[in-house]
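If you want the building blocks of each chain, they are given just below.
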Amino acid sequence: MPHSRKDFIIKSGIALGAVTVGLPSKFKLLSFSNKQENKLVLLGTKGGPVVHSYKAGPSANVIVYNNIPFVIDTGYGVSFKLVEAGVALKDLKYIFITHHHSDHNLELGNLLYNSWVGGLSASIHVFAPVGLIALLQAYWQSNHFDIETRITDEGRPDIRKLVITHEYTEGIILLNNDAEVSALKNIHPPVTESYAFKFKLGNKTVVFSGDTTYCPALAAFALDADYLIHEVAYGPAIDALVIRRDNAPKLKASILSHHTLAEDVGKIAAQAKPKTLVLNHFVPADDESITDEMWTKAVRTNFSGNIIVGKDMLQLPL
Ligand SMILES: [Zn+2]
Ligand SMILES: [Zn+2]
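Residues numbered from 1 in each chain as written. Chains lettered and ligands numbered in written order. Predicted model: local features only at pLDDT ≥ 70, side-chain atom pairs only at ≥ 80, totals over all residues. Heavy atoms only, no water.

Q: Would you take a moment to explain the overall build of the protein chain for this structure?
A: Scanning the protein chain from N- to C-terminus turns up twelve helices and 14 strands. Residue burial in the protein chain is summarised as follows: out of 318 residues, 53% are buried. When contacts within the protein chain are restricted to residue pairs at least 6 apart in sequence, those whose partners lie at least 24 apart make up 70%. Of the accessible surface of the protein chain, which amounts to about 14000 Å², a share of 56% is contributed by carbon and sulfur atoms. (Helix = DSSP H or I, 4+ residues; strand = E, 2+ residues; numbered from the N terminus. Buried < 20%, exposed > 50% of the residue type's maximum accessible area, 1.4 Å probe, protein only. Contact = heavy atoms within 4.5 Å. Areas by Shrake-Rupley, 256 points an atom, 1.4 Å probe, with all protein chains shown as cover.)

Now the structure itself:
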């Protein structure tokens, strides 16, 4: 069910939260047991799609604000990480995807599915760049048998009608009583549709860089944010990574053309002046010889403010 962005912004103030579908009582499962604190939880902090360890999964985050979860990216493992963070999957309402690399969207379909079989009864809004509608159509097709069976056999609502897709471009993509969310195109070749996000929630601002090389526009976009969640790459480790390859110079140039060196993250943060800079989407992610102090020291060459080295399941207050 595609909706235009304009349509959504105009209508959302009154329509959101009002769309519910009647369910047999057996599907009215436990809701949020208690009101949750407002918080940001890093669910998956490694860069890239290769799965190494549950301790550091591909990209995923959740903000819980006024008891509403906002999921940002759905890398592999996001469903279990959300459960672990205390978020009931059936209560999901908003999902935002920065770009269509698999370390950011691989579990989108499965997350929606897990929400559905967990008792989802209201609309769930998914925001992603162009390609979202085709991605979900293919996903529904691949699970056609099970979806039809559960609708008929178990009396569930049609998941395909509960999911509202929004293929966004740059600008404000959500504006209602829940939040103001805007997108900024970042620099992540060869992906052209790749974005940073800014969440304004009450008097709090949280900015996600998404995957990007050094992107000066991000500094103004993130100005004075409470949290700037920025991806990061470690130069010396990339040298070590590529040194044995014949195409080393080209490979290094390729990595740096779409990711940001720690020193350059420091430059962005020095201009944006966030209350806290949170490092995230580590490249490389599996080199344990790079300590937290090494990541921090590299950023410190240009930034003297608060720095947190992100970890999966790290909770930050909002
Ligand atoms: Zn990525
Ligand atoms: Zn990417």
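Q: What is the right way to look at the coordination of the zinc ion (ligand 1) in this model?
A: Octahedral six-donor coordination of a metal ideally yields angles of 90 or 180 degrees, compared with 109.5 degrees for tetrahedral four-donor coordination. In this structure, D103 (OD), H104 (NE2), D211 (OD) and H281 (NE2) serve as the protein donors to the zinc ion (ligand 1), at separations of 2.1 to 2.2 Å. For the zinc ion (ligand 1), the four donor atoms in the first shell make angles of 88 to 165 degrees at the metal, so the coordination geometry reads as irregular. Positions of the donor residues of the zinc ion (ligand 1), expressed as sequence spacing, correspond to D-H-x106-D-x69-H. Taken as a pair, the zinc ion (ligand 1) and the zinc ion (ligand 2) show a spacing of 3.4 Å, with D211 coordinating each metal. With a gap of 177 residues between them, H104 in helix α3 (residues 102-105) and H281 in strand β12 (residues 276-283) connect regions that are remote in the sequence. For the pair H104 and H281, a shared accessibility class is recorded, and that class is buried. (Donors = N, O, S within 2.8 Å, 3.2 Å for Na, K, Ca; no water. Tetrahedral: all angles 85-135°; square planar, octahedral: opposite > 155°, others 65-115°.)

Q: Mind showing me how you'd approach the packing of helix α4 (residues 108-117) against helix α5 (residues 132-142) here?
A: Describing two packed helices takes the angle between their axes plus the distance from one axis to the other. It is at 10 Å that the axes of α4 and α5 come closest, and there the two elements cross at 60 degrees. The angle between α4 and α5 places the two elements in the oblique class. Classified by chirality, the crossing of α5 by α4 is right-handed. The residues of α5 that touch α4, namely those facing L108, G109, N110, L112 and Y113, are L132, L135, L136, Y139 and W140. For the contact of α4 with α5, the per-class residue count stands at eight nonpolar, two polar and no charged. (Axes fitted to C-alpha atoms, helices over the stretch in contact; angles between N-to-C directions. Parallel < 35°, antiparallel > 145°, perpendicular 65-115°, else oblique. Left-handed = near helix turned anticlockwise from the far one by under 90°. Nonpolar A, V, L, I, M, F, W, Y, C, P; charged D, E, K, R; others polar.)

Q: What exactly am I supposed to notice about the sheet that holds strand β7 (residues 171-175) here?
A: Taken together, seven strands build an open sheet; the order of strands is β7-β8-β9-β10-β11-β12-β13 and the sheet is mixed. One side of each edge strand has no neighbouring strand; the edge strands of this open sheet are β7 and β13 (306-309). With direction set aside, neighbouring strand axes in the sheet form an average angle of 20 degrees. Note: strand β10 (residues 204-208) against strand β11 (residues 227-233), three bridges, orientation parallel. Bridge assignment links F208 to a residue of β11, and that residue is I229. Helix α12 (residues 292-300) rests against β11, β12 and β13 of the sheet, and its axis sits at about 145 degrees to β13. (Pairing = 2+ DSSP bridges.)

Q: Would you mind showing me how to read empty space enclosed by the protein here?
A: If you walk through the whole model with that rule in mind, you get one cavity of 30 Å³ or more. Taken as a whole, the largest cavity holds about 100 Å³ of empty space. Around the largest cavity, the lining is made up of 15 residues, and of these S59, N61, D73, G210 and N280 lie nearest the centre. Of all elements in the fold, only β3 (68-74), β11 and β12 reach the threshold of two or more residues within the lining of the largest cavity. The greatest single-element share of the lining of the largest cavity, amounting to three residues, is contributed by β11. Looking at side-chain class alone, the lining of the largest cavity contains three nonpolar, nine polar and three charged residues. (1 Å grid on protein atoms, 1.4 Å probe; cavity = no way out; pocket = protein on both sides within 12 Å on 5 of 7 lines; lining within 4 Å. Points joined across faces, edges and corners; volume = space filled by probe spheres on them.)

Q: Whenever I open this one, the confidence of the model for the protein chain confuses me. Can you help?
A: When pLDDT is averaged along the protein chain, the result is 89; 89% of the residues meet or exceed 70. Across residues 4-33, where pLDDT falls below 50, the model places 55 contacts with residues more than four positions away in sequence or in other chains. (pLDDT = per-residue confidence, 0-100.)

Q: Is there a simple way to explain the pattern of salt bridges in this structure?
A: Two side chains that carry opposite charge are able to pair once their charged atoms sit near each other. Evaluation of the coordinates by the stated rule reveals 13 salt bridges. Of the charged contacts, one joins D226 and K275 as a salt bridge, the two residues approaching to 3.3 Å between their closest N and O atoms. With D226 in the loop between α8 (217-221) and β11 and K275 in the loop between α11 (262-272) and β12, this pair connects stretches of sequence that are 49 residues apart. Taking relative accessible area as the criterion, D226 reaches 9% and is therefore assigned buried. Among the residues examined, K275 registers a relative accessible area of 52% and is labelled exposed. Across the pair K311 and D292 runs a salt bridge, and its minimum N-O distance is 2.8 Å. Of the two residues, K311 sits in the loop between β13 and β14 (314-317) while D292 sits in helix α12, which places them 19 residues apart along the sequence. What makes K311 partly exposed here is its relative accessible area of 40%. Judged by relative accessible area, which is 30%, D292 ranks as partly exposed. Shared partners join several salt bridges into a network, and the residues in it are D146, R150, E154 and R156. (Salt bridge = Lys/Arg side-chain N within 4 Å of Asp/Glu carboxyl O.)

Q: What's the story with α12 in this structure? I'm lost.
A: Because an α-helix completes one turn every 3.6 residues, residues spaced three or four positions apart along the sequence face the same direction. Restricting attention to buried positions, one finds in α12 the residues W295, T296, A298 and V299. What you see down the axis of α12 is that its buried residues fit within an arc of 160 degrees, all on one side. In α12, the exposed positions that point more than 90 degrees away from the buried face belong to E293 and K297. The elements touched by buried residues of α12 are β11, α11, β12 and β13. (Arc of directions from axis to C-beta.)

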